[in-house]
Amino acid sequence: MALMESGEMYLETILILSQQKSAVRSIDVAEHMSFSKPSVSRAVGLLKEGGYIDVDGLGHIRLTESGREVAERIYERHKILSEILMRLGVDEKTATDDACKLEHYISETSFAAIKAHLKEHPPA
């Protein structure tokens, strides 16, 4: 199952929430993303069907290995793109909002170049 932008956003959110909480549930995802419970329920079902998450009997959501790989890739992109935009003088809110859009569409080649540039030019 190929993931679309929305699926990547859900996985990234689950990753972020799992770093903050011991157990992530659909309601946590809905609140964090400001989405309706039915929308999140549908997405959780699709992500589970695709093998990206597991949901236990208590409704706790856990990323599978493939789900974690996608989530970590997207989250890394988000953090690095936000950082580069802020270094260019973009305010934090705009930078993080724009990074959220860019993270799903930037090519591996362009992202690798940005990442390499940041390593060569760390903040002062």
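Shown above is the structure to which this text applies.
Residues numbered from 1 in each chain as written. Predicted model: local features only at pLDDT ≥ 70, side-chain atom pairs only at ≥ 80, totals over all residues. Heavy atoms only, no water.

Chemist: Give a description of the nonpolar core that names residues and reports values.
Modeler: Counting residues in hydrophobic clusters, the biggest one holds 23 residues, and the most contacted among them are Tyr10, Leu11, Val29, Leu47, Ile53 and Leu63. Among the elements of the structure, helix H1 (5-20), helix H2 (26-33), helix H3 (37-49), strand E2 (61-63) and helix H4 (65-87) are those that each provide at least two residues to this core. No other element matches the six residues that H1 contributes to this core. Non-local contacts of tyrosine 10, meaning those with residues more than four positions away in its chain, are made with Val29, Met33, Phe35, Ser39, Val40, Ala43 and Leu47. One finds Ala95, Ala99, Ile106 and Phe111 within the second-largest nonpolar core, a separate group that totals nine residues. (Core = buried A, V, L, I, M, F, W, Y, C linked by side-chain atoms within 4.5 Å. Buried < 20%, exposed > 50% of the residue type's maximum accessible area, 1.4 Å probe, protein only. Helix = DSSP H or I, 4+ residues; strand = E, 2+ residues; numbered from the N terminus. Contact = heavy atoms within 4.5 Å.)

Chemist: Pulling in residues and values, what's your account of the layout of surface pockets?
Modeler: Size it by volume and the largest pocket reaches roughly 290 Å³. Surrounding the largest pocket, Met9, Glu12, Thr13, Ile16, His32, Met33, Tyr75, His78, Thr96, Asp97 and Cys100 form its lining. Going through the elements one at a time, H1, H2, H4 and helix H5 (92-102) are the ones with two or more residues in the lining of the largest pocket. When residues in the lining of the largest pocket are grouped by element, the largest group, four residues, is from H1. Split into classes, the residues belonging to the lining of the largest pocket amount to five nonpolar, four polar and two charged. (1 Å grid on protein atoms, 1.4 Å probe; cavity = no way out; pocket = protein on both sides within 12 Å on 5 of 7 lines; lining within 4 Å. Points joined across faces, edges and corners; volume = space filled by probe spheres on them. Nonpolar A, V, L, I, M, F, W, Y, C, P; charged D, E, K, R; others polar.)

Chemist: Can you explain the environment of threonine 64? Please cite residues and give values.
Modeler: Note that threonine 64 resides in the loop between E2 and H4. With 60 residues separating them in the primary sequence, threonine 64 and methionine 4 have C-alpha atoms 17 Å apart. For threonine 64, the contacting residues outside a window of four places in its chain are Gly51, Tyr52, Ile53 and Asp54. From its side chain, threonine 64 meets the backbone nitrogen of glycine 67 in a polar contact 3.2 Å long. (Polar contact = N/O pair within 3.5 Å; in protein donor to acceptor, adjacent residues only side chain to side chain.)

Chemist: Help me get a handle on the packing of aromatic side chains, residues and values and all.
Modeler: As enumerated under the stated definition, the model contains one aromatic pair in all. Ring geometry for tyrosine 10 against phenylalanine 35: centres 5.8 Å apart, planes inclined by 65 degrees, an arrangement best described as edge-to-face. With a gap of 25 residues between them, tyrosine 10 in helix H1 and phenylalanine 35 in the loop between H2 and H3 connect regions that are remote in the sequence. On the basis of relative accessibility, which here comes to 6%, the residue tyrosine 10 falls in the buried class. Directly above the aromatic system of phenylalanine 111 lies the positively charged group of arginine 77, at a separation of 5.3 Å from the ring centroid. (Phe/Tyr/Trp six-rings, centres within 6.5 Å; stacked < 30°, edge-to-face > 60°. Lys NZ or Arg CZ within 6 Å of the ring centre and 35° of its normal.)

Chemist: Go over the packing of H1 against H3, please, and point to the residues and values.
Modeler: Look at H1 against H3: their axes get within 11 Å of each other, and the N-to-C directions meet at 95 degrees. Relative to H3, H1 is oriented roughly perpendicular. The residues of H3 that touch H1, namely those facing Gly7, Tyr10 and Leu11, are Ser39, Val40, Ala43 and Leu47. Its residues placed into classes, the contact of H1 with H3 shows five nonpolar, two polar and no charged. (Axes fitted to C-alpha atoms, helices over the stretch in contact; angles between N-to-C directions. Parallel < 35°, antiparallel > 145°, perpendicular 65-115°, else oblique.)

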